[in-house]
Structure formats: C-alpha cells, structure tokens
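Here's the letter readout for the chains.
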Amino acid sequence: MAIDLNKVRELRERTNSGFLDCKNALEENNNDIEASIKWLQEKGIIKAAKKSSRIAAEGVTRSFISGNTAVLFELNSETDFVAKNALFQEFADKVQEKLVASSFSSIEEINALKIGDLTIEEHCADLTAKIGEKIALRRVEKYVASEDEVVAGYTHANNRIAVILKAKGSNAEALRQLAMHVAALNPAHLFETCLSAEELKEIHETIDASPALANKPDKIKESIKSGMLRKEFNERGVLLYQNFVMDESITVAKFLENSHLELLDAKRYELGEGIEKKTVDFAAEVAEQMNQK
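Counting starts from 1 at the beginning of each chain's written sequence and moves along it residue by residue. Given that the model is predicted, a residue must reach a pLDDT of at least 70 before its local features are reported, and side-chain atom pairs must reach 80 or more before they are shown or counted; all residues, however, enter totals for whole chains, interfaces and linings. The side-chain numbers reported here are obtained from all heavy atoms of the structure, hydrogens and water having been left aside.

Looking at an unreviewed UniProt entry, one finds the chain named Elongation factor Ts, with Metamycoplasma cloacale as its source organism. UniProt positions are given in the numbering used here, feature names are shortened, and annotations may be inferred rather than shown by experiment. The heading Function (unreviewed entry) in the UniProt record of the chain holds the text "Associates with the EF-Tu.GDP complex and induces the exchange of GDP to GTP. It remains bound to the aminoacyl-tRNA.EF-Tu.GTP complex up to the GTP hydrolysis stage on the ribosome."

Structure follows, in structure tokens:
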C-alpha cells in the first residue's frame, strides 16, 4: 500500500514520533491518522512499561506561585539532557498549572488528575515512549494561604533546588528572600521545637552544667544561657537561629520580625535526594537499548 507522505508529516507533527514509526503506523492502519495515533500510543505504552523499573533521578524541581497558592514538585527523567527537552519542559509547565488548580491528598490522586484527555500518569507514560527515558512525577507539596497569610517560593537557576514557604503576614518579597536562604543553607529544622525531646533535654542539661554559668547572678546567667542556646540551635541547623544569608549581622528570626512575618511552614526539594542511583557501564547500556528494539 502506498504511503501518503503528507500524512506521515502530519502524524510526525502530532505525535513527535520518528519517520519509520509513523510510516509503519500508517501502513498498519490504511493511512488512517486517528487509528495510527492510537496504534502508536499502544506501542508506546508497551515501550514505556519496559522502562518503568528504571531509575529516574534527574529532571527538575520547581516552585510555582499563583495568588494565594504555592506548589512545589519534582518531575524526574533519567538524564539531565532529557530534562532540557522542550517536550519535558512543556509538560512541567502544564503540571504546575494543574497542581495549583487542583485538590489532592496523595501522589496517587495527583497522578490521576487529567490534563486534557490523559491523566498525569498517562502523560508520563506517553512522554516516556516519545522521549525514550522514564518520566515520572515523584512528589508534590502545596500551601494555600488564608486571608492573613502569604506564600512565596524560589527555584534555583539550575532547577535542581526549589523551596516554598508560608507565613503569617503580607510581605511576599521578604518571604521570597527567606526562600533563597533556605535553598542555599538547607536548614535541618525550622524551629527548635522540631528537635526531639531527648535532644532538647541534652542541650539544656549540658548548658546548665557549663562552668560559664557558675557563680553568676541569675540575670547574667539567663543572658549567657540564652546566647549559648542560640549558638547550639544554629549549629544544629535550626533555621530561625541561622545568620540570614543576605545580612549576616542578623538571624533569620530577626529578619522575620523586621519583615512583620511569622513563619508557619517551609519545604525544600533537592533533585534526586533519597534516590539510590544505579551505575550502568556504557556497553551494558547499549546492549539494553538494543534488546528493547
């Protein structure tokens, strides 16, 4: 059967599939474009399933703010090269818009959200087939600010670190500056209350037994103890006690006070954190690709 090259061109434009794949699809489906698209999707899903167990630890992390809503998400690919692909970036744009506009309580609910005719999970499978690497939405965080609250976020230029925060107050620009601080210093805790009861007990007992407090009047003793606590909490990575990265003469707590903000919550994503990466030698990688064809 003669293949209509104009239909091959149209099919390639609509599916972003290769020339030979489009030619084969049209041959199998009597030059029917819609049937060929379905055929390619079915074949693509089969190919994507073979890649579903592979490790995807590259991609992007993004924060996205729209009005009183902030979302933070990590969309993974297998290589940094694919993360820069236009199709991948366009999908990330659609994902962030959908996340801001939707309610959800689990990654399963998120993957079931529809963008157009396909769910996010189906889009990932489709993109996996088109690009040739596993694509997956790994995790999402969302904050919605009440009337007396504000949200802000920051995505680092390399798209490997992103942060969102929520606070009481209205100074969004100051909160965005704090998001940059969190991105840069990666605090272990937001508040001292995030430390375990055992840690807090140990800290207070150690300070109370310090020779620096011996034979001091109560007022001076409390002042010394307060300074020692600030130092200890800073060393343990408590955000409020860190020196503010844009003005190291003040702490984060003082910066918030000056900005009329009370921090409520913050979340920081770093691309691929917690994923155990598998090392595959080049020969094995080539062999794997060849066996999948």
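Still more ground to cover, so stick around.
**Q** For this particular structure, what's the right way to read the overall build of the chain?
**A** Here a strand is any run of E in DSSP of at least two residues, a helix any run of H or I of at least four, and the numbering for each starts at the N terminus. In terms of helices and strands, the chain carries 12 helices and 10 strands. Here the C-alpha radius of gyration of the chain, 26 Å, is well above what a compact globule of 293 residues would show, namely 19 Å. Whether a residue is buried, partly exposed or exposed follows from its accessible area with a 1.4 Å probe, protein chains only, as a fraction of its type maximum: under 20%, in between, or over 50%, in that order. Taken across its 293 residues, the chain has 39% of its residues classed as buried. It only takes one pair of heavy atoms within 4.5 Å for two residues to be counted as in contact. Partitioning the contacts of the chain with sequence separation of at least 6, the portion at a separation of at least 24 is 61%. Note on areas: Shrake-Rupley with a 1.4 Å probe; residue coverage comes only from the protein chains shown. About 16400 Å² of surface is accessible on the chain, with carbon and sulfur atoms providing 49% of the total. When charges are counted, neither His nor the chain ends are considered; positive counts come from Lys and Arg and negative counts from Asp and Glu. Charge coordinates come from a single atom per side chain, which is NZ of Lys, CZ of Arg, CG of Asp or CD of Glu. Here the chain holds 39 positive side-chain charges and 49 negative ones, and the gap between their average locations is 2 Å. Both definitions apply: the radius of gyration is a C-alpha atom measure, and the globule rule equals 2.2 Å times residues to the power 0.38.

**Q** Quick question: what am I supposed to make of unusual backbone geometry here?
**A** Most peptide bonds take the trans form, and the phi angle of most residues other than glycine is negative. Positive phi outside glycine occurs at Asn30, with the angle close to 50 degrees. Within the secondary structure, Asn30 sits in the loop between helix H2 (19-28) and helix H3 (33-51). Given the relative accessible area of 61%, Asn30 is considered exposed. One non-glycine residue with positive phi stands out, namely His260, at about 55 degrees. Among the structural elements, His260 can be located in the loop between helix H11 (252-258) and strand S10 (262-270).

**Q** Looking at this structure, how should I read the nonpolar core?
**A** One recurring pattern in soluble globular proteins: nonpolar side chains tend to sit buried together. Grouping buried Ala, Val, Leu, Ile, Met, Phe, Trp, Tyr and Cys residues that are joined through side-chain atoms within 4.5 Å yields what is termed a nonpolar core. The biggest cluster of nonpolar side chains holds 25 residues, and the ones touching the most others in it are Leu165, Leu175 and Leu178. Only strand S6 (149-155), strand S7 (161-168), helix H8 (172-185), H11 and S10 provide two or more residues apiece to this core. These domain limits were set by an automatic method or by a database of domain assignments. Taken domain by domain, this core gets at least three of its residues from each of domain 2 (58-172) and domain 3 (192-262). Among all residues touching Leu165, those that are not within four sequence positions of it are Tyr143, Val150, Val151, Ala152, Leu175, Leu178, Ala179, Val182, Leu263, Asp265 and Ala266. Leu75, Ala83, Ala92 and Leu113 belong to the second largest nonpolar core, which has 22 residues in total.

**Q** Where do I start with a nonpolar patch on the surface in this structure?
**A** Exposure above 30% relative accessible area and the absence of a salt bridge qualify a residue for a patch, where like charges join within 9 Å and nonpolar side chains (Val, Leu, Ile, Met, Phe, Trp, Tyr) within 5 Å. A side-chain nitrogen of Lys or Arg and a carboxyl oxygen of Asp or Glu constitute a salt bridge if their distance falls within 4 Å. The grouping of Leu5, Phe19 and Leu20 at the surface amounts to a nonpolar patch, some 310 Å² of accessible area in total. With respect to the helices and strands, the residue Phe19 is situated in helix H2. Residue Phe19 is classed as partly exposed on the basis of its relative accessible area of 38%.

**Q** Before we go on, may I ask you to explain the packing of aromatic side chains in this structure?
**A** Stacked, tilted and edge-to-face are the three classes assigned to paired rings of Phe, Tyr and Trp, where Trp is represented by its six-membered ring and a pair needs centres within 6.5 Å; plane angles under 30 degrees give stacked, over 60 edge-to-face, the rest tilted. Applying the stated criterion across every chain, the model contains 2 aromatic pairs. On the basis of an interplanar angle of 50 degrees and a centroid distance of 5.0 Å, the ring pair of Phe233 and Tyr241 is categorised as tilted. With a centroid separation of 4.0 Å and an interplanar angle of 15 degrees, the aromatic rings of Phe244 and Phe255 are classed as stacked. With Phe244 in strand S8 (residues 243-244) and Phe255 in helix H11, this residue pair connects regions lying 11 residues apart in the sequence. Side by side, Phe244 and Phe255 carry an identical accessibility label, which is buried.

**Q** Would you mind going over the environment of Leu72 with me for this structure?
**A** With respect to the helices and strands, the residue Leu72 is situated in strand S2 (residues 69-77). With a relative accessible area of 0%, Leu72 lands in the buried category. For the pair Leu72 and Leu195, spaced 123 residues apart in the sequence, the C-alpha separation amounts to 24 Å. The residues touching Leu72, leaving out its near neighbours within four places in the chain, are Arg62, Ser63, Arg139, Val140, Glu141, Ala162, Val163, Ile164, Lys267, Arg268 and Tyr269.

**Q** Just to check I follow, could you spell out the side chain of Ser102 for this structure?
**A** Relative to the helices and strands, Ser102 resides in the loop between helix H5 (86-101) and helix H6 (107-111). Each polar contact in these results corresponds to two N or O atoms within 3.5 Å; when the atoms are within protein, one needs to be able to donate a hydrogen and the other to accept it, and residues that are neighboring in sequence are counted only if both atoms are side-chain atoms. Among the polar contacts made by the side chain of Ser102, one reaches the main-chain carbonyl oxygen of Lys98 at a distance of 2.7 Å. Each residue touching Ser102, except ones within four places of it in the same chain, is listed here: Leu113 and Lys142.

**Q** Help me out: how do you make sense of the sheet that holds S10 in this one?
**A** Strand-to-strand pairing in sheets goes through backbone hydrogen bonds, with the strands running parallel or antiparallel. Spatial strand order, S6-S7-S10: 3 strands in an open sheet with antiparallel pairing. The open sheet has two edge strands with one neighbour each: S6 and S10. Along the sheet, successive strands turn relative to each other by an average axial angle of 10 degrees, direction set aside. Pairs of strands are assigned from DSSP output, requiring at least two bridges between the strands. The pairing of S7 with S10 spans 8 bridges and is classified as antiparallel. Geometry is summarised by axes, namely lines fitted to C-alpha atoms with helices restricted to the contacting stretch, and by angles between N-to-C directions that run from 0 to 180 degrees.

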